[in-house]
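Structural overview
Here are the chains, one letter per residue:
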Amino acid sequence: MILDQKIIDRYDLDVGLEVHVQLKTKSKIFSSDVAIYGDDPNQNIGFVTLAHPGALPKLNKEVIGYAIKMGFACHCEISTDFIFDRKNYFYPDLPKGYQLTQDRTPICVHGYVPVKTLSGGERDIHLFKIHLEEDAGKSIHVPGSDRTQVDYNRAGTPLIEIVTQPDIHHAEEASAVLTAIRRLVRYLGISDGNMEEGSMRCDANISVRKKGSSELGKKVEIKNMNSMRNVARAIEHERKRQIAILEDGEEVISETRTFIADRGITRGMRTKEELNDYRYFPEPDLSAVHVSDQWMKQLKDEMPPLPEELFRLFTESYKLPEYNAAVLIDDPGMAIYAKAVFEQTKNHKSASNWLMGPVKSYLNDRSMQIADFPLRPDALVALVDLVETKVISHTAASQQVFPELLKQPEAHPKEVAEALGVLTEDGDEESLGPIIASVINEWPDKVKAYQKGKKGLIGFFMGEMMKKTQGKIDPKSANAILREALDTVEVGK
Ligand code: MN
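Every value quoted in this text rests on a predicted model; they were computed, and no experiment measured them.

Reading the values: the criteria
Residues numbered from 1 in each chain as written. Predicted model: local features only at pLDDT ≥ 70, side-chain atom pairs only at ≥ 80, totals over all residues. Heavy atoms only, no water. Donors = N, O, S within 2.8 Å, 3.2 Å for Na, K, Ca; no water. Helix = DSSP H or I, 4+ residues; strand = E, 2+ residues; numbered from the N terminus. Buried < 20%, exposed > 50% of the residue type's maximum accessible area, 1.4 Å probe, protein only. Contact = heavy atoms within 4.5 Å. Core = buried A, V, L, I, M, F, W, Y, C linked by side-chain atoms within 4.5 Å.

**With respect to the coordination of the manganese ion**
The coordination sphere of the manganese ion contains the protein donors His20 (NE2), Glu133 (OE) and Glu161 (OE), at a distance range of 2.1 to 2.2 Å. Donor residues for the manganese ion, ordered by position in the chain, follow H-x112-E-x27-E. Here the residue Glu133 occupies a position in strand 8 (residues 122–134), and Glu161 occupies one in strand 11 (residues 158–164), the gap between them amounting to 28 residues. Classification of Glu133 by relative accessible area gives buried; the value is 4%. Judged by relative accessible area, Glu161 falls into the buried class, the value being 9%.

Below you can see the structure in the form of structure tokens.
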């Protein structure tokens with residue numbers, strides 16, 4: 001069935017996400033085995049990981065702190081007392097035959113993640129909960145063979161699972177939630193949040209309902225989406241598939257489906273009726289956890305500034321355009337650096353353009369992080385301010401002073417500009433007059449053409465002036481004086 005947009009528009013989409021984030025701790029959640037990505041298979045597999053009889057789990061305190069910080073960042077209510085539960089099922093990558101997770105006492109409940117909407121506004125995506133659990137091992141299907149190998153390194157590495165309410169109504173909004181979550185875990189330093197490497201994974205519960213109906217439709221769970229783009233693609237495909245079923249007068253079956261990325265479709269894996277009963281029950285080998293007031297306070301004190309706070313600071317106090325603020329807060333290192341820059345200058349907008357332009361391209365060209373950027377914020381501020389006070393032209397600053405400064409980051413930008421001989425000559429009529437006159441004398445035909453309406457020639461004249469002065473003039477004031485001269489001069493007499 002081919003759906004036209006009119007039919008699609010008769011339905012609303014409801015999506016809830018379950019996002020698993022691997023926590024970057026040194027050891028696993030219930031054992032001292034190292035939790036490292038990319039080791040040779042089956043290196044980090046002690047008695048607890050392999051579920052030897054009698055091996056006892058011991059809780060890694062660090063994961064509690066990480067999860068609570070994520071709870072603070074998502075405006076959750078934090079539980080001070082909780083336990084772990086066994087979720088029983090059989091799968092070869094699960095040596096114990098159960099996963100330790102949190103069923104009835106998740107560490108964080110409620111809360112929300114603010115995201116930018118398509119129309120440019122902001123909306124809070126509400127959460128059900130964030131809980132802690134352990135990861136399973138990894139099944140590796142050997143290509144060209146009917147065998148599957150199992151790597152238990154990942155078994156027992158710590159995860160938080162963030163469960164949103166069915167509060168997402170566009171495929172792009174789902175990507176926005178994932179972007180926001182990834183940004184938060186990176187700001188907190190608790191995970192790499194890298195979907196391609198599997199340190200962040202996402203399942204989506206998707207349903208559609210006739211516009212105006214308040215009852216949610218039958219939901220389908222989609223697994224196996226390993227990039228933000230694929231999450232959006234899978235949701236978009238699934239939405240249309242479900243609408244087509246309903247338009248045919250049939251019912252959507254509640255089931256788990258897998259996304260097949262190269263074909264852009266979803267395929268059924270199992271229906272909910274066939275699902276396991278997990279027989280959750282409290283883990284008897286771990287005692288209940290209590291988080292003291294003192295511990296909670298310490299975690300609160302350790303919270304870094306969050307992206308939404310910095311966004312507000314950049315747009316409200318520093319009056320940056322939202323776009324600039326959004327770009328700068330995307331990476332926590334860049335956001336902190338930018339904050340330090342803005343604190344030291346009044347030229348916030350142009351400083352932000354320097355960060356997004358020359359600084360970012362320098363970093364990108366070298367696949368470098370801002371932490372390794374040679375210039376301190378105050379040196380960049382000095383350069384920006386020299387341009388804004390017209391001591392150096394923007395062209396000379398970006399093409400000559402900035403590259404040279406990066407080679408000698410301890411030097412003052414003004415000294416570097418002086419050594420390069422690019423300090424601006426006065427931008428007044430007196431000093432520019434003779435230069436403008438000589439350009440006009442050299443190109444009388446072009447001046448006539450300009451006066452007859454070919455105003456684009458202004459660029460040509462500016463270029464000539466730049467050549468004559470080796471770029472040492474301030475383009476803005478030169479431009480104004482040049483236009484005035486071109487409009488009033490009489491040539492060809
Ligand atoms: Mn889970």
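The structure having been displayed, the exposition proceeds.
**Focus: the environment of Val416**
Mapped onto the fold, Val416 is located in helix 12 (residues 413–420). In this structure, the C-alpha to C-alpha distance between Val416 and Thr164, residues 252 residues apart in sequence, is 53 Å. Apart from residues no more than four positions distant in its own chain, Val416 is found in contact with Val401, Glu404, Leu405, Gln408 and Ala411.

**Details of the nonpolar core**
The biggest cluster of nonpolar side chains holds 75 residues, and the ones touching the most others in it are Leu17, Met70, Leu132 and Ile160. Top element by residues in this core is helix 3 (residues 171–188). It accounts for 10 residues. If we ignore the near neighbours within four places in the chain, the residues touching Leu132 are Leu23, Ile29, Val63, Ile64, Ala67, Phe84, Thr101, Gln102, Ile107, Leu159 and Ile160. Val341, Leu375, Val381 and Ala417 belong to the second largest nonpolar core, which has 42 residues in total.

Limitation: the analysis is restricted to geometry and does not speak to function.
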